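What follows is the residue order along each chain.
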Amino acid sequence: MNKVRVAVLCSGGGTNLQAIIDRAAAGGIPSGELALVVSDNAGAYALERARAAHIATFVADKKSIPDRAQREQAILGALEAHGIGLVVLAGFMTILSEAFTRRYGMRIINVHPSLIPSFCGPGFYGLKVHEAALARGVKVTGATVHFVNEVCDGGPIIAQKAVNVEEGDTPETLQKRVMREAEWVILPQAVETVCAHILSEQKE
Ligand code: GAR
């Protein structure tokens, strides 16, 4: 069966990448094939996860290539060389330029650790999102998977899942619950949904 070649872009630990790898290994992503993991951080543990799963890796490191445009060119070259049809941002901590997002219009998705439009946009990433949610005193938060366009966290929403905030939560405990109950569930599902949609468009 024809499959969409998927690249996952990560900057850190890569637990969302792992969720996609595990779901694919369990047969849950029949429309996609994990073809490449890209990182802007040579020390990202996500790269170890990729190697352990025998997935090709490509590094465009922020320290060795400080210029964002040059890094994006390097990444675009790798995506093209690997025939990538879907780009998944999974804890990728660089905001992509409009030129990049246009190149892969409706072919880039991102997971964000809140219910967009709450706690999103420039400056809201990683633990900072959960710190802001706790500071505001919300009782429910969650995660969102959305298409990526030129507006940071502003593209069309694909999936969301709510997660309760609990008494005594710290940013760390809340982050872990949001990952376990929401991100690791809806991101692999969205990868399959979008790959299946891309395949169905190719048949038309
Ligand atoms: C995840 O919580 C992801 O949603 C968030 O960073 C974490 C990466 O963890 N992404 C953002 O905040 C993007 N705005 P991981 O490397 O273990 O998947």
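These notes cover the structure that comes with them. What you see is a predicted model; the values in this text were computed from it and never measured. (Residues numbered from 1 in each chain as written. Predicted model: local features only at pLDDT ≥ 70, side-chain atom pairs only at ≥ 80, totals over all residues. Heavy atoms only, no water.)

Quick word on the overall build of the protein
Item 1. Assigned secondary structure in the protein consists of six helices and seven strands.
Item 2. Helices and strands in the protein line up, N terminus first, as β-α-β-α-β-α-β-α-β-α-β-β-α.
Item 3. In terms of overall size, the protein behaves like a compact globule, its C-alpha atoms giving a radius of gyration of 16 Å where 204 residues would be expected to give roughly 17 Å.
Item 4. When the 204 residues of the protein are sorted by exposure, 47% land in the buried category.
Item 5. Looking at the protein alone, contacts between residues at least 24 apart form 67% of all its contacts between residues at least 6 apart. (Helix = DSSP H or I, 4+ residues; strand = E, 2+ residues; numbered from the N terminus. Rg over C-alpha atoms; globule rule 2.2 N^0.38 Å. Buried < 20%, exposed > 50% of the residue type's maximum accessible area, 1.4 Å probe, protein only. Contact = heavy atoms within 4.5 Å.)

Considerations on the site of the ligand
Item 1. As a matter of local geometry, the ligand sits amid 14 residues, with Gly14, Thr15, Asn16, Gly126 and Glu183 nearest to it.
Item 2. Between glycine 14 and the ligand, the recorded distance is 2.8 Å, taken from a backbone N or O atom to an oxygen atom.
Item 3. Threonine 15 is positioned such that a nitrogen or oxygen atom in its side chain is 2.6 Å from an oxygen atom of the ligand.
Item 4. Calculation on the ligand without its partners gives an accessible area of 440 Å², and the protein chains cover 92% of this total.
Item 5. Spatially, the ligand is embedded in the largest pocket.
Item 6. Residue assignment for the shell around the ligand shows that the elements contributing at least two residues are helix H1 (15–25), strand E5 (108–112) and helix H6 (171–203).
Item 7. For the shell around the ligand, the class distribution of residues is six nonpolar, seven polar and one charged. (Near = heavy atom within 4 Å. Polar contact = N/O pair within 3.5 Å; in protein donor to acceptor, adjacent residues only side chain to side chain. Areas by Shrake-Rupley, 256 points an atom, 1.4 Å probe, with all protein chains shown as cover. 1 Å grid on protein atoms, 1.4 Å probe; cavity = no way out; pocket = protein on both sides within 12 Å on 5 of 7 lines; lining within 4 Å. Sits in = over half its atoms within 2 Å of the grid points. Nonpolar A, V, L, I, M, F, W, Y, C, P; charged D, E, K, R; others polar.)

Here we look at the environment of leucine 89
Item 1. You can see leucine 89 is positioned in strand E4 (residues 86–89).
Item 2. Among the residues examined, leucine 89 registers a relative accessible area of 5% and is labelled buried.
Item 3. In this structure the C-alpha to C-alpha distance between leucine 89 and glycine 28, which are 61 residues apart in sequence, comes to 19 Å.
Item 4. Ignoring any residue separated from it by four or fewer positions in sequence, one finds leucine 89 in contact with Leu9, Leu96, Ile108, Ile109, Asn110, Val111 and Val148.

Focus on the pairing of strand E1 (residues 4–10)
Item 1. Where burial is concerned, most of E1 is hidden: six out of the seven residues are buried.
Item 2. After leaving E1, the chain enters H1 and then returns to the sheet as strand E2 (residues 32–39), a path that is right-handed.
Item 3. Pairing of E1 with E4, which is carried by four bridges, proceeds in the parallel orientation. Residue pairing for E4: valine 6 is matched across the bridge by leucine 86. (Right-handed = clockwise from strand over helix to strand, strands pointing away. Pairing = 2+ DSSP bridges.)

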